[in-house]
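Fold and contact review
Spelled out, the chains give:
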Amino acid sequence: MAVCVGIIGKDNSPKFFTCLNPAEELNFQYKVLSALDVVEEKLNCGSKGATDLRELYLGMLYTLETHKIYGYVTNTKIKFIIVVDSTNMALRDNEIRSMFRKIHSEYADIVCNPFYIPGEPICSKSFTGSIKNIMTGTV
Amino acid sequence: MMQSNINPNATDFPTELCAKPQALVGISGLDILNNAIHKSIWDTFSSNRRVERAPVVFKLIGNAHEFPVVKPKRSSYDWYIPKGILKKNWLHKHLFEIPAVTVIFYDLDWSDPQWNEKMIECASRVQSMRAALEGRACKLTVVLIQNSLPLPAGEDALAAERAVALCSSCELNSQSLFVLPHGDHLQGYAVRLETAFYEFAQTYYHNEAKHVKSHKDHLNKNSHQYLFVRHQFKLGILYELKQDIHSSHKHYTHAYNNLLEIRIVDTNALEIRTIAGFINYKLCRLLFALNLPRDAISQFKSHIDRFKSRLGFQELSFEHYAWLSKQYSVFGDIFDEAVKLGLPAVQTQHPGLYYQQGAHYATMRKKSCQELCSSVTTYPQPDPLEGAIHMEFFGQRPWRPGKISAEPPDPHLESNGIQAMQFLERQVNHSNLIIALYGLAITQYKTYRCPRTRRHLVLQMADEYYDSKDYGKALTLYTHMLWDFRSEKWWSILSQILEKAIRCAYLTANIQDYVLLAIEFLGTDVCVSLDEKRRVYENLIRILKKQIPFGNTKLPQDILQGAIILWQPVFTEKSLSFSLDMGNIVSCIATKGRFMKTAYEVDQNVTIEVYIRSTCPFPLTFSKVSVTVNTQGYSSEFAVTNLENISLSFHKDEVKRFLVVFMADSNDINKEIQIGSINLLLGNPQECCLDLKYTSLNETNGNHIELTHFKYSLDKLDFDNIQLLPKATVVPRESKLRVEFDHEDPALLGEWYKIKVGVVNEEMFGITDLKIEVGLEEEIADVEISLRPEPSHTREGIVLTNVDTLEHGEELDSFFFIRSSLVCKFNLQVKLAYTLNREKPVFSSKTEIVALSVVEPFEVSTKYLSLLMNEIDKFYVGEEFGVMKYLMFTSPWSIIIEDTSFEYTNPLRPAEKAYNSQLVEKTFNTGEIGAEIHLAACDKSCEHNLTIGQYSIRWRRKNGYTTSTNLHITGLSCDWIPLGIKLRVPAHGFVRTPMILSYLIENRSTDLIQLEVSMEASEAFMFAGYKQFVISILPKSVRTLQYNLNPLIAGNVAYPKLSLKLPENAVEDKVPSIIDQEELNLLIQRSLSTHIYVMPQAKGQPKLPTVISPKKIMFVS
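Quick notes on the rules
Per chain, residue numbering runs from 1 following the sequence as it is written. Written order decides the labels, with chains lettered from A and ligands numbered from 1. The predicted nature of this model means local features are confined to residues of pLDDT at least 70 and side-chain atom pairs, given and counted, to a pLDDT of 80 or more, with totals for whole chains, interfaces and linings taken over all residues. Computation of side-chain values: all heavy atoms of the structure, hydrogens and water removed. Runs of E in the DSSP output that reach at least two residues are strands. Runs of H or I that reach at least four are helices, and both are numbered from the N terminus. This radius of gyration counts C-alpha atoms alone. The globule rule is 2.2 Å times how many residues there are, raised to the power 0.38. The rule is simple: take the accessible area with a 1.4 Å probe, protein chains only, and divide by the maximum for that residue type; under 20% is buried, over 50% is exposed, in between is partly exposed. Contacts: residue pairs with any heavy atoms within 4.5 Å of one another. Using the Shrake-Rupley algorithm and a 1.4 Å probe, accessible areas are obtained, with residue cover drawn only from the displayed protein chains. Note that His is not counted, nor are the chain ends; the positive residues are Lys and Arg, and the negative ones are Asp and Glu. Charge coordinates come from a single atom per side chain, which is NZ of Lys, CZ of Arg, CG of Asp or CD of Glu. For two strands to count as paired, DSSP must find a minimum of two bridges between them. Whenever a helix is involved, its axis is fitted only over the stretch in contact; in every case the axis is a line through C-alpha atoms, and angles between N-to-C directions fall within 0 to 180 degrees. Every angle not falling under 35 degrees, over 145, or within 65 to 115 is termed oblique; those three ranges are roughly parallel, roughly antiparallel and roughly perpendicular. Should the near helix be turned anticlockwise from the far one by less than a right angle, the crossing is left-handed, and should it be turned clockwise, the crossing is right-handed. Gly is put with the polar residues, along with every residue not named as nonpolar or charged; the nonpolar set is Ala, Val, Leu, Ile, Met, Phe, Trp, Tyr, Cys and Pro, and the charged set is Asp, Glu, Lys and Arg. Residues enter a nonpolar core if they are buried and are Ala, Val, Leu, Ile, Met, Phe, Trp, Tyr or Cys, with the set joined through side-chain atoms within 4.5 Å. What counts as a domain boundary in this text is fixed by an automatic or database domain assignment. Any carboxyl oxygen of Asp or Glu within 4 Å of a side-chain nitrogen of Lys or Arg constitutes a salt bridge here. We define buried area as the total accessible area lost by two parts upon association, computed with a 1.4 Å probe and summed across both. We call two N or O atoms a polar contact when they sit within 3.5 Å, provided that within protein one can donate a hydrogen and the other can accept it, with sequence-adjacent residues counted only if both atoms are side-chain atoms. Each residue after the first adds 1.5 Å to the expected span of a helix.

Looking up chain B in an unreviewed UniProt entry gives the name Trafficking protein particle complex subunit 11, with the organism given as Phaedon cochleariae.

The name given to chain A in an unreviewed UniProt entry is Trafficking protein particle complex subunit 2-like protein, and the organism recorded there is Phaedon cochleariae.

1. Here we look at the overall build of chain A
On a plain count of helices and strands, chain A comes out with 3 helices and 5 strands. When the elements of chain A are put in sequence order from the N terminus, they spell out β-β-α-β-β-β-α-α. For 139 residues, the compact-globule estimate of 2.2 N^0.38 gives 14 Å, and chain A sits close to it at 14 Å. Within the span of chain A, comprising 139 residues, buried residues form 47% of the whole. The contacts of chain A with a sequence gap of at least 6 include a subset with a gap of at least 24, amounting to 53%. Accessible surface, chain A as shown: approximately 6,700 Å² in total, 55% of it carbon and sulfur.

2. Thoughts on the overall build of chain B
Within chain B, the regular secondary structure consists of 22 helices and 45 strands. Radius of gyration (C-alpha) of chain B: 63 Å, far over the 32 Å computed for a compact globule of 1117 residues. The proportion of buried residues among the 1117 residues of chain B is 48%. Summarising the internal contacts of chain B: among those between residues at least 6 apart in sequence, 73% fall at separations of at least 24. Computed over 118 positive and 127 negative side-chain charges, the separation of the two mean positions in chain B equals 5 Å.

3. Here we look at the environment of A:V32
Relative to the helices and strands, A:V32 resides in helix α1 (residues 25–48). The spatial distance from the C-alpha of A:V32 to the C-alpha of A:E120 is 19 Å, given a sequence separation of 88 residues. Not counting residues within four places of it along the chain, the set of residues in contact with A:V32 comprises A:C4, A:I8, A:F17, A:I81, A:V83 and B:W490.

4. A few points about the sheet that holds strand β2 (residues 56–61) of chain B
The pairing of strands in a sheet comes from backbone hydrogen bonds and takes either a parallel or an antiparallel form. All names here are of chain B. With parallel pairing, the 5 strands of this open sheet are ordered in space as β2-β1-β3-β4-β5. Because the sheet does not close on itself, it has two edges, and the strands there are β2 and β5 (177–181). The mean inter-strand angle of the sheet, taken between neighbouring strand axes irrespective of direction, is 30°.

5. Describing the pairing of strand β32 (residues 929–938) of chain B
Inspection of the sheet shows strand β28 (residues 880–889) of chain B paired to β32(B) by 9 bridges, in the antiparallel sense. Counted as the bridge partner of B:L887 is B:G930 from β32(B).

6. So, the packing of helix α2 (residues 36–46) of chain B against helix α6 (residues 186–214) of chain B
Residues and elements named next belong to chain B. Across the interface, α2 lies against α6 with an axial gap of 10 Å and an inter-helix angle of 60°. Relative to α6, the element α2 lies oblique. Regarding α2 and α6, the two cross each other, and that crossing is right-handed. Across from S40, I41, T44 and F45 in α2, the residues of α6 making contact are L186, Q187, A190, L193, E194 and F197. Split by residue class, the contact of α2 with α6 holds 6 nonpolar, 3 polar and 1 charged.

7. Regarding the sheet that holds strand β1 (residues 2–8) of chain A
Residue and element names in this part refer to chain A. Strands sit in the order β2-β1-β5-β4-β3 across an open sheet of 5 strands; the sheet is antiparallel. The two strands at the open ends of the sheet, each matched to only one other strand, are β2 (14–19) and β3 (57–63). Across this sheet, the average inter-strand angle for adjacent strands is 15°, counted without regard to direction. In this structure, β1 lies alongside strand β5 (residues 79–85), joined through 6 bridges in antiparallel fashion. By the bridge assignment, I7 is partnered in β5 with F80. Each of β1, β3, β4 (67–73) and β5 is contacted by helix α2 (residues 93–112), which is oriented at about 140° to β5, the strand it contacts most.

8. Notes on the packing of helix α7 (residues 225–241) of chain B against helix α9 (residues 269–289) of chain B
Between two packed helices, what matters for the description is the angle formed by their axes and the separation of those axes. All names here are of chain B. The interhelical angle for the contact between α7 and α9, taken along N-to-C directions, is 30°, at an axis separation of 12 Å. In terms of axis orientation, α7 runs roughly parallel to α9. Read as a crossing pair, α7 and α9 show a hand that is left-handed. Residues Y226, V229, F233, I237 and E240 of α7 touch α9, and the partners they reach there are E271, I275, I279, K282 and L286. Taken together, the residues of the contact of α7 with α9 break down into 7 nonpolar, no polar and 3 charged.

9. Some details on the nonpolar core
All names here are of chain B. Of all hydrophobic cores here, the largest spans 150 residues; its most connected members are F485, W567, L690, L692, L770, F826 and L828. Here this core gets 10 residues from one element, more than from any other, and that element is helix α17 (residues 491–507). Within the second largest apolar cluster, 84 residues are counted, among which are A276, I304, A338 and Y448.

10. Some details on the domain arrangement of chain B
Under the domain assignment used here, chain B contains domain 1 (15–214), domain 2 (263–447), domain 3 (575–731), domain 4 (737–854), domain 5 (858–975) and domain 6 (979–1095). Taking only C-alpha atoms into account, the centre of domain 2 of chain B sits 122 Å from that of domain 5 of chain B.

11. A closer look at unusual backbone geometry
The phi angle of most residues is negative, glycine excepted, and most peptide bonds adopt the trans form. Residue and element names in this part refer to chain B. Geometrically, the link from D745 to P746 is a cis peptide bond, its omega value of 0° lying close to zero. Tracing the chain through its elements places P746 in the loop between β17 (737–742) and β18 (747–748). Here the bond from N906 into P907 is cis, since omega is 0°, no more than 30 degrees from zero. The phi dihedral of K469 is positive, around 65°, even though this residue is not glycine.

12. Comments concerning the pattern of salt bridges
If the charged atoms of two oppositely charged side chains come close together, the side chains can form a pair. Scanning all chains against the criterion turns up 43 salt bridges over all chains. Ionic pairing is found between B:K282 and B:E240, a salt bridge with its closest N-O pair at 3.4 Å. In this pair, B:K282 is assigned in helix α9 and B:E240 in helix α7, connecting sequence segments 42 residues apart. B:K282 gets classed as buried once you look at its relative accessible area, which sits at 2%. Here B:E240 falls in the buried class, since its relative accessible area comes to 9%. For B:E637, the salt bridge identified is with B:K624, shortest N-O distance 3.5 Å. Of the two residues, B:E637 sits in strand β11 (residues 634–639) while B:K624 sits in strand β10 (residues 620–631), which places them 13 residues apart along the sequence. Residues joined by salt bridges that share partners form a network here, namely A:D37, A:E40, B:R452 and B:E488.

13. As for the interface of chain A and chain B
With 25 residues of chain A in contact, the opposing surface of chain B contributes 26 residues. Both faces considered, chain A and chain B share a buried interface measuring about 2,300 Å² in area, 54% of it formed by carbon and sulfur atoms. If you look at where chain A meets chain B, you find 3 salt bridges. Between B:R452 and A:D37 there is a salt bridge, with the nearest N and O atoms lying 3.1 Å from each other. Taken together, the links from chain A to chain B amount to 8 residue pairs in polar contact (both at pLDDT 80 or more). Counting residues per element, the ones that place at least two in the side of chain A that touches chain B are β2 and α1 of chain A. With 11 residues, α1(A) is the largest single contributor of residues to the side of chain A that touches chain B. Looking at the side of chain A that touches chain B residue by residue, the class counts come to 12 nonpolar, 5 polar and 8 charged.

14. Describing helix α5 (residues 157–170) of chain B
For an α-helix the count is 3.6 residues per turn, leaving residues at separations of three or four pointing the same way. Residues and elements named next belong to chain B. Taking 1.5 Å per residue, 14 residues should reach 20 Å; α5 reaches 20 Å between its end C-alpha atoms and fits that length. Lining the buried residues of α5 we find α4 (115–132), β4 (139–146) and β5. Positive phi appears at E171, one or two residues downstream of α5, with a value of about 55°.

15. Focus: the side chain of B:S325
Residue and element names in this part refer to chain B. With respect to the secondary-structure elements, S325 resides in helix α11 (residues 317–340). Taking the relative accessible area as the measure of exposure, S325 reaches 8% and is therefore buried. Those residues in contact with S325 that lie beyond four places of it in its chain are G358, Y361, A362 and L437.

This is how it looks when you write it as structure tokens:
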């Protein structure tokens, strides 16, 4: 079960942000921002090295005492960030990976939605619901 | 005060622990105050210690120095119960007080005259030093400072002998005696001595370590657990002094593990934690030195994990956090040190992380201090912390030193001690500590490219400044961080910062920042409660009325009071005005400005549309809206013009459109004008006004601007989709003159071509100073322009007219001429410049282009004919020929030939008396050909084609100007042959009427020519004369052959054929004949006509032409 999911646009502005405990949202935003530093560094290095272009999952970005932060970047440089409690041992790399894939497909759906303008923050209720389900692992 | 003698930061590491252990070498016998030589020796040893020098540290020992007393040897540990783990003085003693090697310097040359006396003095010094070091295994050495350079070893017998004597009298090993020649190369000698000392020191420390180890057997696990730790730690230090870091690391590890085996109870918790911190510090540092950074980090992490939860006394939890913070920051220090020595660090693992954690725990410490210590206001009496500095062991409570038994401590004493600690903790300035740690972390994060994390830390630092009531610094940091979050659109974070920043601005009475932040705060992107916005809005309005704004009621009363005192002087000035740059903030008022066109004519009004949208939830009223327009070199401000029906008051999400109209300056023609800024004036100038300046007019940095069209917009004015046009050009006004050109295109080559320019003034006003300039669009050298049909010698454009005035509707005609000597196409540029006579004279201009092509009027070709009108391909000297000139008229215009003439060039000459043009005053139309023929002859042979001469044609088109065309005509080559032949014959004959045919054969050479002449018979004639004979023609003479012909048939009949042959013998004899048969045949062919018209017999007695009239034929032989 993830505690926070963030979707960051290619201009590094937040497009979507949700966390289980809304009171902590601001703190999580700071954490996700810090994670973006790592993402950017990885993307910069990745362009030089012979990394697999099809691999979008960046793995664990960094750990805090309380949380672990994972990242995923689409080809259009949309970044997905998942924050997991560090005490949570149930979520392994593979589970995180599949969570990211689900989020990616949800994101692809919302972009296809003609009422959504790409680049605007996402405020669709059904999208929020789907992401929450992915976070809690109920799908 | 009593507490002043207590170290406020009990968690600080002792300096001797952090110092890099180096072998201690005591130096005595140097009088550095009075003796210059001694001073220089001391300096050489003690200063300029670079890495490559031996790891020793020198200590100057005076004569009366007292070393620490040696403790009595303990024979058995059986009854010894240690009172603590690590004695406070031990480290200092071994690092800085007990030298491993003591060096006694003494001035003594081998050849010193008072050798014996001095030797004895030296020995006594050694003895007294030995006595001072009684009980220590310290190595004693003597260094003799000598003036003379030493001889090579073995050569100086005196030296060897005296050295032995000195050694024995000092009771020293001969290896312990050194000589230091004082002179050149002092540094080199010093380095060598130093190395020797270092070796001694290593032996010393090794032995010391052995000594410590030897205790191990006497210890037992139950009562001497502390000693296990102590001894291993000592071994670690001693090996470090010996620079054996591998062994050192081993012993520290043992020490740490032994420490962990000790059961932690309340009484020893602090001590164990403190010592664990020390050992861990040493361990990590050594691991970095051993280039095992991963091990260092994992050691540190396990260390922290082990002790993190051991809070100890709840009442002293701040102490635990202080310890944690210290652990982190110190680890950060050693990590950073390792990085500076070349260890590569990465973004996810660098010293900044540890500084950040250190800061985090420092904050925890502060919080816990605030919770626990706020009630403590008095320092307990008697001072429970008395003697804390002189404690024997590290990490023990001063009120119960050396207590290791688990018996419950005296509760009263305990609570007094805790109260004292809490009281002292209250005195600590936590914010400074936290800010310092954040500062270190920020630097590291910057180095490791984590801009966002760094920003977060800066914000935390700002929070800390705020907490410590340094609102000014906090405000600076907040405002600096705003920009990045704004550009990345993290609105919720931005809102939080804004809220804090605006509070700081309020508390520091920084009016400019306050209003700027307020304007951003009221925007729609800032997500704070409406009540909060209302409060800020009301404050903004109050400021505009020069009233002190209200502070947040949640703030403590005393702070608000302080802020109000600061605010009061702000409004004492008569009027306040601020210019605020809105370009960088996300304001609650958005503006867009654009020109209506990309180009404005100079007499037109320039219109700028200004759109203003307010996202402030409360109404805002401006007192003025204006636009600054930048032109090259200056800028000017224009106020909006359509204020009659639009109010300057805005409600939420209202968009209004304003117009700015002004006249472009004629000085700015062809220059760019630009919307510099849109200025909104808030408040009134008498009280307080804000000039909001919107300079940055670039497009919003949205991802897909084109997609915003799909956004549902309630506004009639779709603000988001208004395209900006911030630049326009001032262009000259478009002229309304009508210009017509009257001419007959195409022009002909070489003629003066007349063009009529007709100008009609269709402007609304009269014009003056009309100037018409004609020029070629591109310069062509072969085209001339002139006012009259004659060359004008000006290459540049010519000015046609300068008319003073031309009233409305008036017309003006003017002419000009061009002439081209090249067949081409070109454009003429006609520029009209004038001043329009309106209330404000306007300079105006117009440019017209006339496309012209030039064609040839006719083409000239020539043909050359023999006298028989046959075309020839060669001239012969002396033979006449006809030059036939054809003029092929190709132009679309009919052309009148006025005259033609021909001038022959040598060696050609006319074969006619006078030249009569045969084309005079003839008119030709397109496609017609005119021809004329004239006879000419050539006097000289020539192998290449000869130039016949110049053909001049004077012509004009109808109503045109006479043009003269001159052409050079090239003919054929010219040969010379020795023979010429002519036939003289009547124009026609009559049947049965005799006529005379004479052949004139000319010998042009200087040789005799013999020819065989034969005359073939013909059915049409009877003739009389030689039928076949040989003639000889003398040089330069003419021979005439005459035949009397009597035509028998009427019609065009052939003559009897004359043939000339070279005599047969001549072919054989004279091999190089001057003429050959071929040429003869050609000559006959071209010179002799073959037919004649014979008329039927005339009736009656017609008068016969003279040639036919009977004549006596004479033969000249």
